[in-house]
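For reference, the chains in residue letters:
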Amino acid sequence: DIVCTVNVQHNCIDSKCANMRQQRMCQERIVTVRTKAVVEHQPTPHYFLNTYSIHNCNLIQMAIPETLR
């Protein structure tokens, strides 16, 4: 059963995400000629999860192994 949802953040430092690329920007759902630099993320199993600042932290902490607490 699903008891809650969480938001995890990609760990760019340990994943060594250093490459940047240019992405075209949208304005009111229309692609423009303006661009912005974005990070090319590397595939990784490493993520950040802040279990102490969210409303369902007790449920999340029960799912985390003791060795990671």
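Just so we're clear, the structure is a prediction, and the values are computed from it rather than from any experiment.

**Describing the pairing of strand 3 (residues 30–39)**
Relative to strand 3, strand 2 (residues 20–27) is paired through seven bridges, and the arrangement is antiparallel. Within strand 3, the position partnered with Q22 by the bridge is A37. In this structure, the hairpin formed by strand 2 and strand 3 is closed by a connection of two residues, where E28 is found at a positive phi of approximately 55°.

**A closer look at the pattern of salt bridges**
The final tally for this structure, using the stated rule, is one salt bridge. A salt bridge links E40 to R21; its shortest N-O distance comes to 4.0 Å. Of this pair, E40 sits in the loop between strand 3 and strand 4 (47–48) while R21 sits in strand 2, placing them 19 residues apart in sequence. We classify E40 as partly exposed; its relative accessible area is 30%.

**A look at a nonpolar patch on the surface**
Taken together, V6, V8, Y47 and L49 make up a surface patch of nonpolar side chains, about 330 Å² in accessible area. Locating L49 in the fold gives a position in the loop between strand 4 and helix 2 (57–63).

**Notes on the environment of Y47**
Following the sequence through the fold, Y47 ends up in strand 4. As a C-alpha pair, Y47 and A63 span 16 residues in sequence and 15 Å in three-dimensional space. Ignoring anything within four residues of it in the chain, the contact list for Y47 reads V8, Q9, H10 and N11.

**Focus on unusual backbone geometry**
If you check the backbone angles, K16 has positive phi at about 60° while not being a glycine. In this structure, K16 sits in the loop between helix 1 (12–15) and strand 2. For K16, a relative accessible area of 65% translates into the label exposed. The phi torsion at E28 lies on the positive side, around 55°, for a residue other than glycine.

**A few points about the state of the cysteines**
As enumerated under the stated definition, the model contains zero disulfides in all. Of the cysteine sulfurs around C17, a residue in no disulfide, the closest is that of C12, at 4.0 Å. Accessibility expressed as a relative area gives 14% for C17, which makes it buried.

Conventions used here
Residues numbered from 1 in each chain as written. Predicted model: local features only at pLDDT ≥ 70, side-chain atom pairs only at ≥ 80, totals over all residues. Heavy atoms only, no water. Pairing = 2+ DSSP bridges. Helix = DSSP H or I, 4+ residues; strand = E, 2+ residues; numbered from the N terminus. Salt bridge = Lys/Arg side-chain N within 4 Å of Asp/Glu carboxyl O. Buried < 20%, exposed > 50% of the residue type's maximum accessible area, 1.4 Å probe, protein only. Patch = residues over 30% accessible without salt bridge, like charges linked within 9 Å, V, L, I, M, F, W, Y side chains within 5 Å. Areas by Shrake-Rupley, 256 points an atom, 1.4 Å probe, with all protein chains shown as cover. Contact = heavy atoms within 4.5 Å. Disulfide = S-S within 2.5 Å.

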